[in-house]
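Fold and geometry: a report
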Amino acid sequence: MAKPVNRPVAKKATAPKPDFTSKKSKMSETLLLEPGLSKRALMILLITFTCLAFLLRIPHLDGVSLWVDEFVHVIRAKNFAAGNGPLFDADNNGILYTMLMIPFYKLFGSTAFWGRLPAVLCGTACIPLVFYLGRRMFNNWTGLIAAFLTACSLYCINWSRLARNYSIFECFFLLLLLCFLLAFDNPRQEASNKLKSWGINPRYLLILPFALILALISHQLSFFFVFIAGFYFAFNGIAEGIIEKRWNTLFIWLGLPFLLVIFFLFTPSSAALIKTAIAPFVEARNLNWFMPDWTRLGTLWKNPEKKFEAWTIYKDVMTYDFKGLTIIAIIGFILAFRVNRRSAILLIAGLAIPVLLMSFVFREPSLPRYLIYIYPLFLIAVAIGIQQILAILARYVFKTQTRGGVMALYILPFILLLTTFRYTEIKDLLMVKQKSGFIVDKKLSQWSFTNWKDPVEWVKNTIKAGDVVISTVPIATSYYVGLSPDSVAWFRQRQYDGTKKEYVPFTFKGDGHNANTLEDLKLTMEKNARGWLIADYYLYNVMTDPRARDFVFSNMHFHPEACKDGSVQVFSWDKAEGPPQNQNTILEIGKVEARSASDELTFNVNQDFLRPGLKIALRAADINYNNEAYVIINKTYTIPITANVGNGIEDIQVPLDISKLKMGANTIQFAYNPDLKYDPAKGFVIYNVQFGF
């Protein structure tokens, strides 16, 4: 009978522990690696952190209007829940989030709150996932600290409050990493099962493809997992070969082929051949997601302003979110090898490899939100750094050898971490201090919100049957006013052609009325007795024909009361009332930071102007103080505008010093005083500008 083969059993790769002689020292070292807490106590802490995370994500969830990108999920889920729209469309990135929204919309209606609630739940679910991942990689203390940081992260809180696929991306990518560890990071066993003899857990290996699919349908950037897994196998294989003199391992067999593929993929000549070969089978817009465009990268690398642009974006997230923890994270990456070499390699590969690839290879687009799926690894690095620094201090500095001393030392980081939180910014976010602009620092989010909800609901309470509605963003207007998207016309005269790389005439006609050209706008107003234009910053950018904008200013009534923060402007026309009188412009200044000053307007000066008594005749409203509003002539000559006497639109005279003018073209600009401490009606409005005597 054949004798059984005795295979060597490889222990889990961990750093060797010091050989302490005293019993108390051994107990101390054990506590330094694992907290002296019962399973029940650990669960209580984990549940506490999870509840804290939920409470920091749920308040005033619908306080800010839905952002344009959120409608990608909201409208599709709304239409599908109502039975009048497809679930799948041309853009299915993040389709899993759309699917999660549908049950809430069917049960409770398609409001912003129910659209964003799945993001809150996914963001909250990240807390136990971070804990279990940190514990599986290192120890309980690391998991607890990382979970606490994730719960209180301003960055994570923000992206868990939006109806976009970022918190769900974070959630399922963490699940993917945890399944990957459970599948491959195991001791080799003497077993008839070949997989177990290689240190593979068959159960989690079976689950791993499903976790990958869930991550991919949460966000396409999940394909970076292939790079993470490949580098994990390769570096661990090389480390085991060098340190343990074992080259016939699973990591070698899986890692080295990956390095070979990377070599061909990242060599420009071979990458070009691969790209040409697969181009017929992949859409052009998706090809650059996983195939580097080396020509484009070479151009960016030669541009000093673009060279480190993407890297700076991701670095800023990690340095800004918590104050002063970046150095701790770097220490954590290094000291992680003291606890578990394999996990340390995964920690570095999981964070550094995607960041480097997104910063220097797959670098467009580059935005703060694209770090969300691996950001918890940064927090785990902070946690292991804190845990290991304390371990070293306890052993060699404080020489703590009692359970009470070690436990007291481990309470310290939770107290110290409280000094790193962005309390004011978290409070402002949760209490919806502002409804437009950047609701968190631009280093954490480059989303600028527009307050569609308040002005559109104002219009909703005023609109009459048969009124025409035009908008610079029809999807937002139709959602809040309660109309079908097709019934709201576009106000846009230009669009960007990605193929031609230039702006071209807007071609979407829709049904019936539109404002695609100045002539179309005039025709729409002629054919309809009443109507509304609801416009955001698109009214002032390159998408709008300046002639169409000037026509709106001169022929529509402006309603500043509809939107107090000025991020959206509401105009109307009514043939029964006729056009507004003495109105040649609308300059709403100071209500939003982006319009604290108007654009420079040009006026020509001839000899008839250059005589004493020249004045600017203004029609203005909401100038409450004499030091609130200013006229700036030729960028250097500043004149204060006298405050309004009453509450309505008033005529105001601004005398000019003719010595500050020049023959020919001059410029005029209106500006708001940003240092004004109190202004009940923030900002002011200019309705008419004329020069005279």
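Residues numbered from 1 in each chain as written. Predicted model: local features only at pLDDT ≥ 70, side-chain atom pairs only at ≥ 80, totals over all residues. Heavy atoms only, no water.

Okay, helix H21 (residues 423-430) next. Every buried residue belonging to H21 is among Ile 426, Leu 429 and Leu 430, and all of these are buried. Looking down the long axis of H21, one finds its buried residues gathered within 90° of arc, a one-sided arrangement. Set apart from the buried face of H21 by more than 90 degrees, the exposed residues are Thr 424 and Lys 427. Those residues of H21 that are buried are in contact with helix H6 (140-152) and helix H7 (154-159). Two residues or fewer past H21, Val 432 is found with a positive phi of approximately 50°. (Buried < 20%, exposed > 50% of the residue type's maximum accessible area, 1.4 Å probe, protein only. Helix = DSSP H or I, 4+ residues; strand = E, 2+ residues; numbered from the N terminus. Arc of directions from axis to C-beta. Contact = heavy atoms within 4.5 Å.)

Right, let's get into the confidence of the model for the chain. The predicted structure's coordinates, where accompanied by low pLDDT, should not be read in detail. Per-residue pLDDT for the chain has a mean of 87; in total, 91% of the residues score no lower than 70. Ranking the helices and strands of the chain by mean pLDDT puts H7 first, with 98, and helix H1 (residues 23-33) last, with 45. Contacts from residues 1-31, a stretch scored under 50 in pLDDT, to residues over four places away or in other chains number 43 contacts. (pLDDT = per-residue confidence, 0-100.)

Below, the discussion takes up the sheet that holds strand S10 (residues 615-621). Note on sheets: strands pair through backbone hydrogen bonds, and any given pair is parallel or antiparallel. The antiparallel open sheet is built from four strands, whose spatial order is S8-S15-S10-S13. Looking at which strands have only one partner, the edges of the open sheet turn out to be strand S8 (587-589) and strand S13 (650-655). Mean inter-strand twist for the sheet, computed between neighbouring axes without regard to direction, equals 35°. Here three bridges tie S8 to strand S15 (residues 684-692), and the two strands are oriented antiparallel to one another. Note on S15: the bridge partner recorded for Leu 587 is Ile 686. (Pairing = 2+ DSSP bridges. Axes fitted to C-alpha atoms, helices over the stretch in contact; angles between N-to-C directions.)

Turning our eyes to something else, we now look at the side chain of Arg 549. On the secondary structure map, Arg 549 appears in helix H25 (residues 546-555). Buried and without a salt bridge, Arg 549 has Asp 550 as its closest oppositely charged side chain, separated by 4.8 Å. Apart from residues no more than four positions distant in its own chain, Arg 549 is found in contact with Leu 539, Tyr 540, Asn 541 and Thr 544. (Lys, Arg positive; Asp, Glu negative; His and termini not counted. Salt bridge = Lys/Arg side-chain N within 4 Å of Asp/Glu carboxyl O.)

On to the packing of aromatic side chains. In this structure the tally under the stated criterion is 52 aromatic pairs. With 5.1 Å between their ring centres and 70° between their planes, Phe 131 and Tyr 132 make a pair best called edge-to-face. What makes Phe 131 buried here is its relative accessible area of 0%. Under the relative-accessibility criterion, Tyr 132 is labelled partly exposed at 29%. Measuring from centroid to centroid gives 5.4 Å for Trp 490 and Phe 506, while their planes differ by 55°, and the two rings are tilted. Here Phe 506 lies in the loop between strand S4 (502-505) and helix H24 (518-527) and Trp 490 lies in strand S2 (residues 488-490), a separation of 16 residues in the sequence. Classification of Phe 506 as buried rests on a relative accessible area of 9%. The structure contains a cluster of three or more aromatic residues connected by ring pairs, namely Phe 223, Phe 224, Phe 227, Phe 231, Phe 235, Phe 258 and Phe 362. Sitting over the ring of Tyr 370, Arg 369 keeps its end group 5.4 Å from the ring centre. Above the face of the Tyr 320 ring, Arg 422 is positioned so that its terminal group lies 3.9 Å from the ring centre. (Phe/Tyr/Trp six-rings, centres within 6.5 Å; stacked < 30°, edge-to-face > 60°. Lys NZ or Arg CZ within 6 Å of the ring centre and 35° of its normal.)

Looking now at unusual backbone geometry. One non-glycine residue, His 60, adopts positive backbone phi at about 45°. With relative accessibility at 42%, the residue His 60 sits in the partly exposed group. Positive phi outside glycine occurs at Asp 622, with the angle close to 70°.

Here we take up the sheet that holds strand S14 (residues 664-672). The four strands are arranged S9-S14-S11-S12 in an open sheet whose pairing can be described as antiparallel. Two strands close off the open sheet at either side, each with one partner strand: strand S9 (601-605) and strand S12 (637-640). With direction set aside, neighbouring strand axes in the sheet form an average angle of 30°. As judged from the four bridges shared by strand S11 (residues 629-633) and S12, these two strands associate in the antiparallel manner. When the sheet's bridge partners are listed, Ile 632 is paired in S12 with Thr 638.

With that settled, the discussion passes to the pairing of S4. Inspection of the sheet shows strand S3 (residues 494-497) paired to S4 by four bridges, in the antiparallel sense. From the neighbouring strand, Gln 495 faces S4, where its bridge partner is Val 504. Hairpin geometry of S3 and S4 is characterised by an intervening segment of four residues between the two adjacent antiparallel strands and by a positive phi of about 60° at Lys 501.

Further remarks concern the pattern of salt bridges. Under the criterion given, the structure shown has 14 salt bridges. The partner of Glu 425 in a salt bridge is Arg 422, and the shortest N-O contact between them spans 3.8 Å. Its relative accessible area of 23% is what places Glu 425 among the partly exposed residues. For Arg 422, a relative accessible area of 16% corresponds to the buried category. Ionic pairing is found between Asp 545 and Arg 547, a salt bridge with its closest N-O pair at 3.0 Å.

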